[in-house]
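This is what each chain is made of:
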Amino acid sequence: MKNYTRHIMTAVLCLCTVSCRLVSDKGESIPVVIASQAGKTIIEDNRTYTYTAVARPVRVHRFTAPFDCVVESMDAREGGKAVKGQVLARLYSATLSASVRDAAANLARLEAELGKASAATVKTRGRNQEEIPDEMTGTAELRKKVEAAREELARARKLQSACTIRAPFDAEVTVVGAAAGASLSAGDELLTIIDPTRTELVAYIESEALPEMGQVLLFQGRDTRISAVMVRCSPKPNRMNGCYECVFEPETQEGQPIASGTELKFKLSGGIKELVTIPSGALRQDGASHYVWVIKTDSTVSRRPVVLQEEPLDIRDGKRTVVISGLEGDETLVTGGFDGLQDSTKVKIRKED
């Protein structure tokens, strides 16, 4: 009797195992998963959000080494001022200097040859009464070489002019990345300047509190109280925190401008929001990150990272979780049968009851 019971239990376990997987025509095992839909919920968020905006310069110019060179002199100082056209640094390139010398010498040689050819033409014309060409054979070709040499010298001198770094506008020096005598490779940081007369305010805001484009808000600091209008917002949230980068332009910057790095507080109200919600059973965790398995139209699955709403909102269905980034709200999600799932795994769907 005991053996008979054991055989029955073994058979039941085998049936359970078979019921969780199907076999394709090719003999491959296909996982059977339980699935449910993501959705959207309309809620009224009556909370008030407080954010911090940071002032940053609208106009920033970063100088890098235009070629391999040595810093001959560094006239800029961090925190110092510079007027438009003022020399900030001088660079030296042995290779470039040699190119200018070689181009100048080549031009001088060709011009001398052209001068001799032209003189020979005049002398021949004076000695003979018969009509002769305006230029002797080869003079026209030599003239073309002279023009090409002049262009080459002009290009070399233009490159050499990049050795003198000048301020393109009235500026404040914020970073000096190299001292006099330093050897730099092309692209290495040299210095950074900003226009201190114009700043904008930048804040990172969750989707549930995003203001409207063109909305005017009040910003306050210890000694500052200004109004600013929202002019830009990033099209997608930051993957790390799920927030959008919003940029505000002060309505007026007369008088003393807001210093770069100044922090100002402002408040936003939630209002009516449309939020993406998912069955809580679809949510998986990998360390501090969350993800879900999305079932695509070809019945394969894809692992999708998501960012959750940190503070719970008043959603009546407690079985669902608010997602603020990663989903659109119309996806089909795996809520059961996760074992063995990998990206592009083909699955058989069984809808959740």
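Above this text you will find the structure in question.
An account of the accompanying structure is given in this report. Keep in mind that this is a model prediction, so the values were computed, not measured. (Residues numbered from 1 in each chain as written. Predicted model: local features only at pLDDT ≥ 70, side-chain atom pairs only at ≥ 80, totals over all residues. Heavy atoms only, no water.)

**Brief notes about the sheet that holds strand E9 (residues 171–176)**
Thinking step 1. Spatially, 4 strands are ordered E4-E11-E9-E6 in an open sheet, and the strand pairing comes out antiparallel. Each end of this open sheet is capped by a strand with a single partner; those strands are strand E4 (60–64) and strand E6 (81–82).
Thinking step 2. Across 2 bridges, E6 lies against E9 in antiparallel orientation. Paired with Ala-82 across the two strands is Ala-171, which belongs to E9. (Pairing = 2+ DSSP bridges. Helix = DSSP H or I, 4+ residues; strand = E, 2+ residues; numbered from the N terminus.)

**A closer look at the pairing of strand E20 (residues 320–325)**
Thinking step 1. Within E20, 5 of the 6 residues are buried, which leaves it mostly tucked inside the rest of the structure.
Thinking step 2. Here strand E19 (residues 301–308) runs beside E20; their pairing, made up of 2 bridges, is antiparallel. Within the sheet, the bridge partner assigned to Leu-308 lies in E20 and is Val-323. (Buried < 20%, exposed > 50% of the residue type's maximum accessible area, 1.4 Å probe, protein only.)

**So, the pattern of salt bridges**
A side chain of one charge can pair with a side chain of the opposite charge when the charged atoms of the two come close.
Thinking step 1. This structure, assessed with the given rule, holds 11 salt bridges.
Thinking step 2. Lys-81 is the partner of Glu-172 in a salt bridge, and the nearest nitrogen-oxygen pair spans 3.1 Å. One end of the pair, Glu-172, is in strand E9; the other, Lys-81, is in strand E6, and 91 residues separate them in sequence.
Thinking step 3. Residue classification places Lys-81 among the exposed residues on the basis of a relative accessible area of 57%.
Thinking step 4. A salt bridge links Arg-109 to Glu-113; the shortest N-O distance between them is 3.1 Å. Here the residue Arg-109 and the residue Glu-113 both occupy positions in helix H2 (residues 94–127), the gap between them amounting to 4 residues, near one helical turn.
Thinking step 5. Relative accessible area serves as the criterion here: at 44%, Arg-109 is assigned to the partly exposed category.
Thinking step 6. You can call Glu-113 partly exposed: its relative accessible area is 33%.
Thinking step 7. In the salt-bridge network here, residues are joined through shared partners; they are Arg-56, Glu-200, Arg-232 and Glu-245. (Salt bridge = Lys/Arg side-chain N within 4 Å of Asp/Glu carboxyl O.)

**Observations regarding the environment of Phe-67**
Thinking step 1. Note on placement: Phe-67 falls in the loop between E4 and strand E5 (69–74).
Thinking step 2. On the accessibility criterion, Phe-67 (15% relative accessible area) is buried.
Thinking step 3. Separated by 117 residues in sequence, Phe-67 and Leu-184 place their C-alpha atoms 7.9 Å apart.

**A short note on unusual backbone geometry**
Thinking step 1. In the Ramachandran plot, Ser-299 falls in the positive-phi region, its phi being about 70° despite a non-glycine side chain.
Thinking step 2. The topology assignment puts Ser-299 in the loop between strand E18 (289–295) and E19.
Thinking step 3. A positive phi angle, close to 75°, is found at Ser-344, a residue other than glycine.
Thinking step 4. Residue placement: Ser-344 occurs in the loop between strand E21 (332–336) and strand E22 (348–351).

These figures capture arrangement, not role.
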